[in-house]
Amino acid sequence: FDQFLNELNTVSSVDDLSNLSSVQRQTLNWLLNEDGLELCPGDDTLVQRYVTALIYFTTNGDNWTKCSKTDFTCGSNRLDD
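Summary of the structure given here.

Definitions and cut-offs
Residues numbered from 1 in each chain as written. Predicted model: local features only at pLDDT ≥ 70, side-chain atom pairs only at ≥ 80, totals over all residues. Heavy atoms only, no water. Core = buried A, V, L, I, M, F, W, Y, C linked by side-chain atoms within 4.5 Å. Buried < 20%, exposed > 50% of the residue type's maximum accessible area, 1.4 Å probe, protein only. Helix = DSSP H or I, 4+ residues; strand = E, 2+ residues; numbered from the N terminus. Contact = heavy atoms within 4.5 Å. Axes fitted to C-alpha atoms, helices over the stretch in contact; angles between N-to-C directions. Parallel < 35°, antiparallel > 145°, perpendicular 65-115°, else oblique. Left-handed = near helix turned anticlockwise from the far one by under 90°. Nonpolar A, V, L, I, M, F, W, Y, C, P; charged D, E, K, R; others polar. Patch = residues over 30% accessible without salt bridge, like charges linked within 9 Å, V, L, I, M, F, W, Y side chains within 5 Å. Areas by Shrake-Rupley, 256 points an atom, 1.4 Å probe, with all protein chains shown as cover. Salt bridge = Lys/Arg side-chain N within 4 Å of Asp/Glu carboxyl O.

For the rest of this paragraph, the subject is the nonpolar core. Soluble globular proteins: nonpolar side chains tend toward being buried together. The biggest cluster of nonpolar side chains holds 13 residues, and the ones touching the most others in it are L8, L17, L28, L31, L46 and Y50. Sort the elements by how many residues they give to this core and helix α4 (residues 46-58) lands first, with 5 residues. Excluding its chain neighbours within four sequence positions, the residues that come into contact with L31 are F4, L8, L46, R49 and Y50.

Right, dumping it as C-alpha cells:
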C-alpha cells in the first residue's frame, strides 16, 4: 500500500489518498482490489491507469449513458452517433 502511495502522490496528495471518503481513495481501492490488470508499484502505466480511473470515478462513470459498463454497443465502431 505504501509503495502505491509513494508513486501516486505525484498526482494526488497523500491526504486525499488516505481519506477513506475521497474519490482518490475510492480509485486507489479499485486499483488495488478490483482492476483486472493487477498493476504493481513501479509499473510504467500505473499513474496513467490511476488518473484514467480517477476521471471515471470523479465524473460518476457508472452512470454514463454512452459507453457505460452496461452499454454493450460500445466498441462496435458505430459511426451514426
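Moving on from the coordinates now.
When two helices pack together, their arrangement is given by the angle between the helix axes and by the axis-to-axis distance. Close contact between helix α3 (residues 23-33) and α4 brings their axes to 9 Å; oriented N to C, the two are set at 125°. As summarised for this structure, α3 and α4 are arranged oblique, according to the angle between their axes. Here α3 and α4 pass one another in a crossing that is right-handed. Here α3 contributes V23, Q24, Q26, T27, L28, W30 and L31 to the contact with α4, which in turn contributes L46, R49, Y50, A53, L54, F57 and T58. Each residue belonging to the contact of α3 with α4 can be placed in one class, and the counts come to 9 nonpolar, 4 polar and 1 charged.

A surface patch of nonpolar side chains, about 220 Å² in accessible area, is lined by V11, V51 and I55. For V51, the position within the fold is in helix α4. Here V51 falls in the partly exposed class, since its relative accessible area comes to 31%.

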